[in-house]
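# Examining the three-dimensional arrangement
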Amino acid sequence: MTKGLILAAGRGSRLGQMTEHMPKGLVELKSKSLIARTIDTMRSSGLDEIAVVTGYRSEKIDKFGLPTYKNEQWSKTNMVSSLMEADEWLSTGNTIVCYSDIFFSPYILQDLISFKGDMVITADLRWECLWRRRNEDFLADAESFRSVNGRLVDIGRQPVTREEIEAQYMGLLKISSEGWARIKDYLLSLEKGVVAGLSMTDLLMRLISLGESVMVCFTQGQWGEVDTPTDLSLYLKMDNDGEFGDWLD
């Protein structure tokens, strides 16, 4: 059984007034919120059980009628703390974990669902094309990424050169219950303050340093991450130009 989990605790301060009264995942792209898009994509791919980790303006998520877990310390913690709040959800079956500020083709999700491994992340090989359009200094907002034979070996560092970046992590991953048990045991061995400061890429780097196998499911574009209002404008233009095909309804 594979379930879905959306991490939606953050506000998204870089979006300014757009998130003054709602969490980042409720920002709309083509008159549909990012969270609603993810829910629809998950359901169309056969994920009937979906939960959300909330935080900032958590009551705004109630309209979806989904099981929720709340990160009360959302303003002082990072993604890994939100993940820990959903321990119960992650402890059975496979779980597709998704950031609330992304949208993606259903074909990407279907590939991830079928990909073998206790820990699998998606990564975009065509990242540079998108990053150059989103940022004047495209390297400044990119992270190091390298794999060997389909296994992750480096992620999350500030790169110095383009050659350090094979792809970009998308904020979409799969964790089996067995994989989560090992992740949880490791996190419980750390001080709470350390866990609070961990990003997902921090955690991934620590796991592979411990010898865990993190597999990579590569994709070629057909997704987006929303950090700023200009991101939304870019994606609308890309859609108008037919760059997303017919899946972005």
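Coordinates for the structure precede this section.
Residues numbered from 1 in each chain as written. Predicted model: local features only at pLDDT ≥ 70, side-chain atom pairs only at ≥ 80, totals over all residues. Heavy atoms only, no water.

### Points about the layout of surface pockets
In this structure, the largest pocket spans a volume of roughly 870 Å³. Together, 30 residues line the largest pocket, and Met 79, Tyr 99, Asp 101, Glu 225 and Asp 227 are the ones closest to its centre. When contributions to the lining of the largest pocket are tallied by element, the ones reaching two or more residues are strand 1 (2-8), helix 2 (79-85), strand 11 (168-176), helix 8 (200-209) and strand 13 (223-225). Tallying contributions element by element places strand 11 first for the lining of the largest pocket, with four residues. Looking at the lining of the largest pocket, its residues break down into eleven nonpolar, twelve polar and seven charged. By volume, the second largest pocket is sized at about 290 Å³. What lines the second largest pocket is a set of 13 residues, among which Ser 81, Met 84, Glu 85, Lys 192 and Val 195 lie closest to the centre. Here the residues of the lining of the second largest pocket are counted per class, giving six nonpolar, four polar and three charged. (1 Å grid on protein atoms, 1.4 Å probe; cavity = no way out; pocket = protein on both sides within 12 Å on 5 of 7 lines; lining within 4 Å. Points joined across faces, edges and corners; volume = space filled by probe spheres on them. Helix = DSSP H or I, 4+ residues; strand = E, 2+ residues; numbered from the N terminus. Nonpolar A, V, L, I, M, F, W, Y, C, P; charged D, E, K, R; others polar.)

### Details of the packing of helix 6 (residues 177-188) against helix 8
Where helix 6 meets helix 8, the closest approach of the two axes is 12 Å, and the angle between their N-to-C directions is 100°. It follows from the interaxial angle that helix 6 and helix 8 lie roughly perpendicular. Two secondary-structure elements touch here, helix 6 through Ile 183, Tyr 186 and Leu 187 and helix 8 through Leu 203, Arg 206 and Leu 207. Partitioned by chemical class, the residues of the contact of helix 6 with helix 8 number five nonpolar, no polar and one charged. (Axes fitted to C-alpha atoms, helices over the stretch in contact; angles between N-to-C directions. Parallel < 35°, antiparallel > 145°, perpendicular 65-115°, else oblique. Contact = heavy atoms within 4.5 Å.)

### Observations concerning the nonpolar core
With 44 residues, the main nonpolar core has Ile 6, Met 42, Phe 103, Phe 104, Leu 172 and Tyr 235 as its most contacted residues. Setting aside its immediate chain neighbours within four residues, Phe 103 contacts Leu 29, Leu 34, Arg 37, Trp 223, Gly 224, Glu 225, Val 226, Tyr 235, Phe 244, Trp 247 and Leu 248. The next biggest cluster of nonpolar side chains, apart from the first, holds 35 residues, and it includes Leu 152, Ala 167, Leu 173 and Tyr 186. (Core = buried A, V, L, I, M, F, W, Y, C linked by side-chain atoms within 4.5 Å. Buried < 20%, exposed > 50% of the residue type's maximum accessible area, 1.4 Å probe, protein only.)

### Let's talk about the packing of aromatic side chains
Considering all chains together, one arrives at twelve aromatic pairs under this definition. Judged by centre distance (5.1 Å) and plane angle (55°), the ring pair of Tyr 56 and Trp 74 falls under tilted. Separated by 18 residues along the polypeptide, Tyr 56 in the loop between strand 4 (50-54) and strand 5 (68-70) and Trp 74 in the loop between strand 5 and helix 2 bring together distant segments of the chain. Under the relative-accessibility criterion, Trp 74 is labelled partly exposed at 28%. Between Trp 127 and Phe 138, the aromatic rings sit 5.9 Å apart at their centres with planes inclined by 35°, giving tilted as the arrangement. You can see Trp 127 sitting in helix 5 (residues 127-134) and its partner Phe 138 sitting in the loop between helix 5 and strand 9 (145-148), a full eleven residues away along the chain. These aromatic residues form a ring-pair network of at least three members: Phe 103, Tyr 235, Phe 244 and Trp 247. Over the aromatic face of Trp 89 sits the side chain of Lys 3, whose NZ or CZ is 4.7 Å from the ring centroid. The ring of Trp 131 carries Arg 134 above its face, with NZ or CZ at 5.1 Å from the centroid. (Phe/Tyr/Trp six-rings, centres within 6.5 Å; stacked < 30°, edge-to-face > 60°. Lys NZ or Arg CZ within 6 Å of the ring centre and 35° of its normal.)

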